[in-house]
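The residues making up each chain are set out below.
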Amino acid sequence: MSEAEHFATIMTDAFIAAVDAGIDLVPVVSDSTSTAKISPFVKRFPERLVNVGIAEQALVGVAAGLALGGKVAATCNAAPFLISRANEQIKVDVCYNQANVKMFGLNSGASYGPLASTHHSIDDISVMRGFGHVQIFAPADPLECRQIADYALRHVGPVYIRLDGKPLPPLHSAGYQFVPGQVDVLRQGADVTIVALGSVVHEAVDAAGLLADKGVAAQVLNLSSIRPLDRAALLEALTGKGGVVTVEEHNINGGVGSVVAEVLAEAGLGVPLIRLGIADGEYAAAGGREATRALHCIDAAGIAAAALRLV
């Protein structure tokens, strides 16, 4: 994968490959076929798609029923509606029952831009972290997205995958291999560490370039695996640096910033930390991605400025 690709398209390609490989997969949508870009799958396997209409609670309940009946079920709809409208069904039907459901949260973060807070998903990681028995991932580039999707469809048990709504270019070389729980070091640096989640990993890498121009060596960590997570490896990566900046298109509470703060505090590691994201008690601003990220200081310039405050 050498060009920018839409994660929903990658998800659909993974679905087709899974069925071709013999996996008894049934995607479930809530009138979200266009959002899921799932037409190629429907053309190949029209009898396998279940569309419940605009009824997200039924979406998750049906998926759980299919999974408990022996199928591999995958929900494919917008993250804000999946997490908010079907919260109880995710908690009880899927996670509590450890049903073999793969929940793909599409257009996460502020992907919907001008549609504002009703369509923004800035609390999905924090909500899912509160549930048991579910693995949580947020790929940062096309190659990682495909590998996470392939893993999830073969893993037995609930999985939530946070997918961005915009095409993203590659960050990894062709030899990259996703491993659940691993801490993905994208760039080495001893002066400061930037830990990022999902699509803003690209902003973190760009920020490291800006910092390098100022003589600051920034380490960049892509935390695509929230659960499971090798906390010992994360702690080791955070030790001995000048400070840590976390970045997410998510509320600063409950996401990657909270994960890093927990690891530092539990180890008694006195490392300065700045959490960048949607501030406590706020919603993401409505608008285009570039302007919204600049306003919330989660673009490359905002990240670099925060890092410079630490060093």
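Heads up: the structure comes first, above all this text.
Residues numbered from 1 in each chain as written. Predicted model: local features only at pLDDT ≥ 70, side-chain atom pairs only at ≥ 80, totals over all residues. Heavy atoms only, no water.

Asks: Requested: an account of the packing of aromatic side chains, with residues and values cited.
Replies: In this structure the tally under the stated criterion is 6 aromatic pairs. Ring geometry for F15 and F104: centres 5.4 Å apart, planes at 80 degrees, overall edge-to-face. Note that F15 is positioned in helix α1 (residues 7-20) and F104 in strand β4 (residues 101-106), a separation of 89 residues in sequence. By relative accessible area, which is 1% here, F104 ends up buried. The rings of F15, F41, F45 and F104 are connected pair by pair, giving a single aromatic cluster. (Phe/Tyr/Trp six-rings, centres within 6.5 Å; stacked < 30°, edge-to-face > 60°. Helix = DSSP H or I, 4+ residues; strand = E, 2+ residues; numbered from the N terminus. Buried < 20%, exposed > 50% of the residue type's maximum accessible area, 1.4 Å probe, protein only.)

Asks: Lay out the packing of helix α9 (residues 201-213) against helix α13 (residues 300-310) in plain terms, naming residues and giving numbers.
Replies: Put simply, α9 and α13 touch, their axes get as near as 8 Å, and they point 55 degrees apart. One way to sum up the angle between α9 and α13 is to call them oblique. Judged by the sense of rotation from one axis to the other, the crossing of α9 with α13 is right-handed. Residues E203, A204, D206, A207, L210 and L211 of α9 touch α13, and the partners they reach there are A300, A301, I303, A304, A307 and L308. Here the contact of α9 with α13 is built from residues that sort into 10 nonpolar, no polar and 2 charged. (Axes fitted to C-alpha atoms, helices over the stretch in contact; angles between N-to-C directions. Parallel < 35°, antiparallel > 145°, perpendicular 65-115°, else oblique. Left-handed = near helix turned anticlockwise from the far one by under 90°. Contact = heavy atoms within 4.5 Å. Nonpolar A, V, L, I, M, F, W, Y, C, P; charged D, E, K, R; others polar.)

Asks: An account of unusual backbone geometry is requested, with residue identities and associated values reported.
Replies: Geometrically, the link from R227 to P228 is a cis peptide bond, its omega value of 0 degrees lying close to zero. Examined against the element boundaries, P228 turns out to sit in the loop between β10 (225-227) and α10 (231-238). At D31, a residue that is not glycine, the phi angle is positive and equals roughly 60 degrees. By secondary structure assignment, the location of D31 is in the loop between β1 (25-29) and α2 (33-36).

Asks: I'd like a description of the sheet that holds strand β12 (residues 273-278), backed by residues and values.
Replies: In space, the 5 strands of this open sheet follow the order β7-β9-β8-β11-β12, with mixed pairing throughout. The open sheet has two free edges, formed respectively by β7 (184-187) and β12, since each of these has just one partner strand. Sheet twist, expressed as the mean angle between neighbouring strand axes with direction ignored, is 25 degrees. In this sheet, β12 lies alongside strand β11 (residues 244-251) in parallel orientation, the contact comprising 5 bridges. (Pairing = 2+ DSSP bridges.)

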